[in-house]
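Spelled out from the first residue to the last, the chains are:
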Amino acid sequence: MQEKLILQNKIAKGDFARGGETSSNLKELLRKLGIQSDKNRRVTIVTYELEMNIIIHSHGGEIQVYISSEKIRVVAADTGPGIEDLEKAFQPGYSTADDEVRDMGFGAGMGLNNIKHYSDELEIETGPGQETKIVATVYL
Amino acid sequence: MMKKHSVLLKEELCAGCTNCVKNCPTRAIRVHHGKATIKGDLCIDCAECIRTCAYHAKYSMTDSFEDLEDFAYPIVLIPPSFYSQFRKLGPEEIKACLTKLGFKEVVDVSLAAEALSYKTAEFLDQYPGIFISSSCPVVVRLVRLLYPELTDHLIPFKPPVDLMAEKARQDALARGIAPEEIGIFFLTPCPAKYTNISNPLGLEKSHVDRAISVSLAYQAILEVRKEAGSGQEASGGEEARPEEGEEGVLPYRGMGWGQSGGELKAMPETVQGKSLSVSGIHRVKALLDEISRNNIKGIKYFELTACNYGCVGGVFNVINPYQARYNLRRLELKGRKPVDQDYSQYNFELPKKFEELKIGQLDSNLEKAMEKFIQLEKEIEVLPGLDCAACGAPDCKTLAEDIVNGLASRSDCIFLLRKQVGELADRMSALAHELPPVMKKDKKDR
């Protein structure tokens, strides 16, 4: 089966009230499509981290999810400000989230690591002052 | 007879309102032809529909005391929550009443509960990762249906009632009672535990033979008390007090299991410190959503119960859950330590693994499921999104799914129907104004 777009959600900066909505909808959708539950869980966790990253760190963005017979691709694109130091961003516990966000229990500095851990492939295009595009792939 | 579920409908009482439809946590109910019907494969026996129905059309039946005649040696198992129904009658008096009602043995499920608390704590020390209590059958059914990815996180042990039933039977056999004479009865606080007899979880066959609802048992006990001239529970008398030397004899700690939090309290403090209790089906669902997306940190063990406040909130109970919690707490406080017993007498391991359910998929083939999904998106687009439930489905998305699955049609939506009627009326009106060519314009009013 050719790759098809199955979900597209705009995500606004700081919109904590809707945090988790995209991943919840996706989980329900993948269940309906008959995706194996362990794969579904991995995609759900990756998507949740990605949507929270957009809410916490970016100026806003969008998540798109594509499915084919072989894989599920989650594409998270935002409008900046970009990840300053990608190497550091992968260090457990490293976070640029402000205290207010951390007080809410977010920004613990595990996001990218979690995404890497639960996806089979991870591509990141970013840089200081640039837009960020992250593509996480889970093979079916 | 194999019964998959135990919630029933009194058709003559069902008004065709959609309160139960809206409140069902698995969207298992539809109103068709004015009657609320349950989709059996989606029902988890949580009894929310029984609670919600203002017309008392939803109900559940259990076995009765007449079933005692089926067995020469009936044994009754008392669940921890049962004691919460009595403020003045203590456990020993309650047991005496049940003996008078014809049971040869009266056994506390709380004993097995204490054993399971110990076993679970030991298990949690051994295995990494998070775990969910499997003692509430509704929670097990919910996980398998809507959170299949968490099925492996359910504790792989039998719940207290099955542990105790199995042991009680073995003990009776060891005393020389013939197998066919033994009948294991359970006083059930909820329909789900009744369902487990005909439709067990993780077992080929339930160890329980019959279940009698708490409300029937409560009435029978009051009758016994009346006949004995001991007065009713409801009038006068002192609150039950601990008797001298009772400490360590009765499983007071296990009795705490009757309400949410009790399972944890019966465990070592090391486990309590990394565990959480949540009760009420909608809260349990919200929590499972968070666990599923890995958004709960630091918690090792979850004690989840579908009824509000745990088993004291079961629909078969007689008294309100608040009074019940108070009554039970008073008993629980007496249990500073568990009863001294040999835990190896219990056979904890489930013979079958809990299996995830594959229900609610659009198709088993991904490509076909995708085609249906595209159709589904279209239907959702067409429907008004008001979630009014007047179509008999809980919300527009569910109606859309029913349409795609050929179980409903667009005209089930009163808003779409109204629109269609309006369009039809417009077309009729337009047609009426189109003149047949043979007619002259000035004669149109003829």
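Each value, and the rule that gives it
Residues numbered from 1 in each chain as written. Chains lettered and ligands numbered in written order. Predicted model: local features only at pLDDT ≥ 70, side-chain atom pairs only at ≥ 80, totals over all residues. Helix = DSSP H or I, 4+ residues; strand = E, 2+ residues; numbered from the N terminus. Buried ≥ 20, exposed ≤ 12 C-beta atoms within 10 Å, placed from the backbone. Contact = placed C-beta atoms within 7 Å. Rg over C-alpha atoms; globule rule 2.2 N^0.38 Å. Axes fitted to C-alpha atoms, helices over the stretch in contact; angles between N-to-C directions. Parallel < 35°, antiparallel > 145°, perpendicular 65-115°, else oblique. Left-handed = near helix turned anticlockwise from the far one by under 90°. Nonpolar A, V, L, I, M, F, W, Y, C, P; charged D, E, K, R; others polar. Pairing = 2+ DSSP bridges. Domains from an automatic or database assignment. Right-handed = clockwise from strand over helix to strand, strands pointing away. Expected span 1.5 Å × (residues − 1).

### Comments concerning the overall build of chain B
- Helices and strands together make up the secondary structure of chain B, namely 16 helices and 11 strands.
- Across its three principal directions, the C-alpha atoms of chain B cover 110 × 55 × 40 Å.
- Considering chain B as a whole, with its 446 residues, one finds that 43% of them fall into the buried category.
- Relative to all contacts within chain B whose residues are 6 or more apart in sequence, the contacts with residues 24 or more apart total 75%.

### As for the overall build of chain A
- The number of helices and strands found in chain A is five helices and five strands.
- Walking chain A from its N terminus toward its C terminus, one meets helices and strands in the order β-α-α-β-β-α-α-α-β-β.
- Its C-alpha radius of gyration of 14 Å places chain A within 12% of the 14 Å reference for a compact globule of 140 residues.
- Dimensions of chain A, computed from C-alpha atoms along their principal axes, come out at roughly 40 × 30 × 25 Å.
- Expressed as a percentage of the 140 residues in chain A, the buried residues total 36%.
- The long-range share in chain A, meaning contacts at least 24 apart out of those at least 6 apart in sequence, stands at 61%.

### Quick notes on the packing of helix 1 (residues 21-32) of chain A against helix 2 (residues 37-57) of chain A
All names here are of chain A.
- For the pair helix 1 and helix 2, the least separation of the axes is 8 Å and the interaxial angle reads 160°. Relative to helix 2, helix 1 is oriented roughly antiparallel. Helix 2 is crossed by helix 1, and the crossing has right-handed handedness. Contacts from Thr-22, Ser-23, Leu-26, Lys-27, Leu-30 and Arg-31 of helix 1 reach helix 2 at Asn-40, Val-43, Thr-44, Thr-47, Tyr-48 and Glu-51.
- Its residues assigned to classes, the contact of helix 1 with helix 2 shows four nonpolar, five polar and three charged.

### Describing the environment of Ile-67 of chain A
Residue and element names in this part refer to chain A.
- Mapped onto the elements of the fold, Ile-67 is located in strand 2 (residues 60-67).
- Spatially, the C-alpha atom of Ile-67 lies 9.8 Å from that of Tyr-139, the residues being 72 residues apart in sequence.
- Filtering out sequence-adjacent residues up to four positions away, Ile-67 remains in contact with Glu-3, Lys-4, Ile-6 and Ile-72.

### Topic: unusual backbone geometry
All names here are of chain B.
- In the Ramachandran plot, His-56 falls in the positive-phi region, its phi being about 55° despite a non-glycine side chain.
- Inspection of the secondary structure puts His-56 in the loop between helix 2 (48-52) and strand 4 (58-60).
- The exposure class of His-56 is exposed, given the 10 C-beta atoms found within 10 Å.
- Unlike most non-glycine residues, Asn-294 shows phi in positive territory, near 65°.

### Remarks on the environment of Tyr-322 of chain B
- Tracing the sequence through the fold places Tyr-322 of chain B in helix 13 (residues 321-332).
- We classify Tyr-322 of chain B as exposed; it has 11 C-beta atoms within 10 Å.

### Describing the sheet that holds strand 2 of chain A
All names here are of chain A.
- Strand order in the open sheet made by the five strands is 1-2-3-5-4, with antiparallel pairing throughout. Since the sheet does not close on itself, it has two edges, and those belong to strand 1 (4-12) and strand 4 (121-125), each with one partner. Between one strand axis and the next, the sheet turns through 10° on average, direction left out of account.
- The pairing of strand 1 with strand 2 spans eight bridges and is antiparallel. Residue pairing in the sheet places Asn-9 in a bridge with Ile-63 of strand 2.
- Its contacts with the sheet put helix 1 on strand 1 and strand 2, and the angle it makes with strand 1 is roughly 160°.

### Re the domain arrangement of chain B
- We note that the domain assignment places domain 1 (7-60), domain 2 (65-237 + 250-345) and domain 3 (366-433) within chain B.
- Here domain 2 of chain B and domain 3 of chain B have C-alpha centroids that lie 46 Å from each other.

### Some words on the interface of chain A and chain B
- Taken together, the 20 residues of chain A in the interface contact 18 residues of chain B.
- Secondary-structure elements contributing two or more residues to the side of chain A that touches chain B are strand 1, helix 1 and helix 2 of chain A.
- Broken down by element, the side of chain A that touches chain B gets its largest block of residues, seven residues, from helix 2 of chain A.
- Partitioning the side of chain A that touches chain B into residue classes produces five nonpolar, nine polar and six charged.

### Focus on the pairing of strand 11 (residues 301-305) of chain B
All names here are of chain B.
- Along strand 11, five of the five residues are buried, which leaves the element largely enclosed by surrounding structure.
- Taking every second residue as pointing to the same face, both faces of strand 11 are buried, with Tyr-301, Glu-303 and Thr-305 on one and Phe-302 and Leu-304 on the other.
- Direction of pairing for strand 7 (residues 131-132) relative to strand 11: parallel, over a ladder of two bridges. Residue Ile-132 lies in a different strand from strand 11, and its bridge partner there is Phe-302.
- Judged from the five bridges that link them, strand 10 (residues 275-279) and strand 11 form a sheet pairing that is parallel. Residue pairing for strand 11: Val-278 is matched across the bridge by Leu-304.
- In terms of handedness, the path from strand 10 via helix 12 (residues 281-292) over to strand 11 forms a crossover that is right-handed.

### A few points about helix 14 (residues 366-382) of chain B
- Here helix 14 of chain B is 17 residues long and its end C-alpha atoms lie 24 Å apart, about the 24 Å a rise of 1.5 Å per residue gives.
- Each element contacted by the buried residues of helix 14 of chain B is listed here: strand 1 and helix 1 of chain A together with helix 15 (396-404) of chain B.

### Here we look at the packing of helix 3 (residues 91-100) of chain B against helix 8 (residues 214-227) of chain B
Residues and elements named next belong to chain B.
- Two numbers describe how helix 3 lies on helix 8: the axes approach to 9 Å, and their chain directions differ by 90°. In terms of their interaxial angle, helix 3 and helix 8 are classed as roughly perpendicular. Every residue of helix 8 that contacts helix 3 at Ile-94, Cys-97 and Lys-100 is listed here: Ile-221, Val-224 and Arg-225.
- Broken down by class, the residue content of the contact of helix 3 with helix 8 amounts to four nonpolar, no polar and two charged.

### Looking at helix 4 (residues 109-126) of chain B
- Helix length check: helix 4 of chain B, at 18 residues, gives a terminal C-alpha distance of 26 Å against a target of 26 Å (1.5 Å per residue), a fit within 8%.
- Residues of helix 4 of chain B that are buried include every one of Val-109, Ser-110, Leu-111, Ala-112, Ala-113, Glu-114, Ala-115, Leu-116, Ser-117, Thr-120 and Leu-124 of chain B, and no others.

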